[in-house]
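This is what each chain is made of:
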Amino acid sequence: MMLESCNTKKGISEDQKYMPTATVQQRYNEIIAGYKEWRTFTTSAKVSVSMGKSLSSNAQFSMEKDKWISLSIRPFLGIEIMRLYINNDSAFLVDKTHKAVVALGLKQFTGEIPVTVGDLQDMFMGRAFLLGSGTLDDSNRNNVNMVVNDNNGNFTLVPKRKTAGFNYGFTFSPANELQQLLITIDGDANQPWEVNYSGVTGTEKGNVVQAMQLIMALNAQELALNAAFDINKIKWDTMLDDSPGFKSDYKRMSITEFMKLW
């Protein structure tokens, strides 16, 4: 299951009509009921990446809660050729075929959007969060509003307190299934983060999406990542390799140099 960009930018409304408080609380309870605690997560995936050039491949997607994210590109026989590794400080793009690596600070990778690695984990899993404050739970129920989007029952969950320089919101269906995350940068309408979701599925550790699409700017270029997760192969709370996946003899490159390798 792969997603195409819906290009609707539904996440943030100019003409906001807020839901009544009682409705917000009911919706909120139903949303967070699908979010359960976990320690590690891993599953198989099919991914496509486009950034000037395109790549489609099988992959292994792994995370340790609030610590790191690893997307391992394995086109055949489970052999890793490339890895995206993100922790609380940095993001690494690793090419094992050419023994090359791009090392970026986390804010450099995210375009200065103040997300934590925990926020990014929620983004990949399809769980709503407050920037820098973690997955929505009972403790932050009074820190959000819900905006009525249309007559079809769709609504957007937005923070009550604005993050300086940014706006963001999570659009849900009438059945409380997450459809989209949109983050916009003040004064820069051309570089939002748009994340589209489909196939919200319940697991022993809570809801996970079957497919997500991330569109963002990286190094002044549009990066589009589509990922379809194999729900049946999810493993929770197992021991995982937390290394970035490169050695000291790998050549350090800029993103522009790295892109020329493939």
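For the structure, see preceding data.
Description of the structure in this document. Throughout this description, residue numbers start from 1 for each chain and increase along the sequence as written. Totals for whole chains, interfaces and linings use all residues, but because this is a predicted model, local features are given only for residues with pLDDT of at least 70 and pairs of side-chain atoms are given and counted only at 80 or more. Only hydrogens and water are set aside; all other atoms, that is, all heavy atoms of the structure, feed into the side-chain values.

Some points on the packing of aromatic side chains
Pairing of aromatic side chains here covers Phe, Tyr and the six-membered ring of Trp, requires ring centres within 6.5 Å, and sorts the geometry by plane angle: under 30 degrees stacked, over 60 edge-to-face, intermediate tilted. Tallied over the entire structure, the rule returns 12 aromatic pairs. Taking the centre distance of 6.4 Å and the plane angle of 40 degrees together, the rings of Y85 and F92 count as tilted. For Y85, a relative accessible area of 5% corresponds to the buried category. To sort residues, take the accessible area from a 1.4 Å probe on protein chains only and compare it with the maximum for the residue type: under 20% means buried, over 50% means exposed, and anything in between is partly exposed. Take F92: its relative accessible area is 11%, and that puts it in the buried class. Members of the aromatic cluster, connected to one another through ring pairs, are W38, F41, F61, F124, F229 and W236.

Here we look at helix α1 (residues 21–32)
Put simply, DSSP marks the helices as runs of H or I at least four residues long and the strands as runs of E at least two long, and each gets a number from the N terminus on. Expected helix span is given by 1.5 Å per residue-to-residue step, counting one fewer step than there are residues. Look at α1: 16 Å from first C-alpha to last across 12 residues, which is about the 16 Å you get at 1.5 Å a residue. Those residues of α1 not exposed but buried are V24, R27, Y28, I31 and I32. In a view along the axis of α1, the buried residues occupy a sector of 120 degrees, so they form one face of it. Buried residues along α1 sit against β9 (144–148), β10 (155–159) and β11 (166–172). The reported arc concerns the directions from the helix axis to the C-beta atoms and nothing else. By definition in these notes, contact holds between two residues if any of their heavy atoms fall within 4.5 Å.

Topic: the pattern of salt bridges
The salt bridge criterion pairs a side-chain nitrogen of Lys or Arg with a carboxyl oxygen of Asp or Glu, the two atoms within 4 Å. Scanning all chains against the criterion turns up five salt bridges. Across the pair D138 and R141 runs a salt bridge whose closest N-O atoms are separated by 2.7 Å. On the basis of relative accessibility, which here comes to 52%, the residue D138 falls in the exposed class. Among the residues examined, R141 registers a relative accessible area of 15% and is labelled buried. Here the salt bridges do not stand alone but share partners, grouping E80, R83 and K96 into one network.

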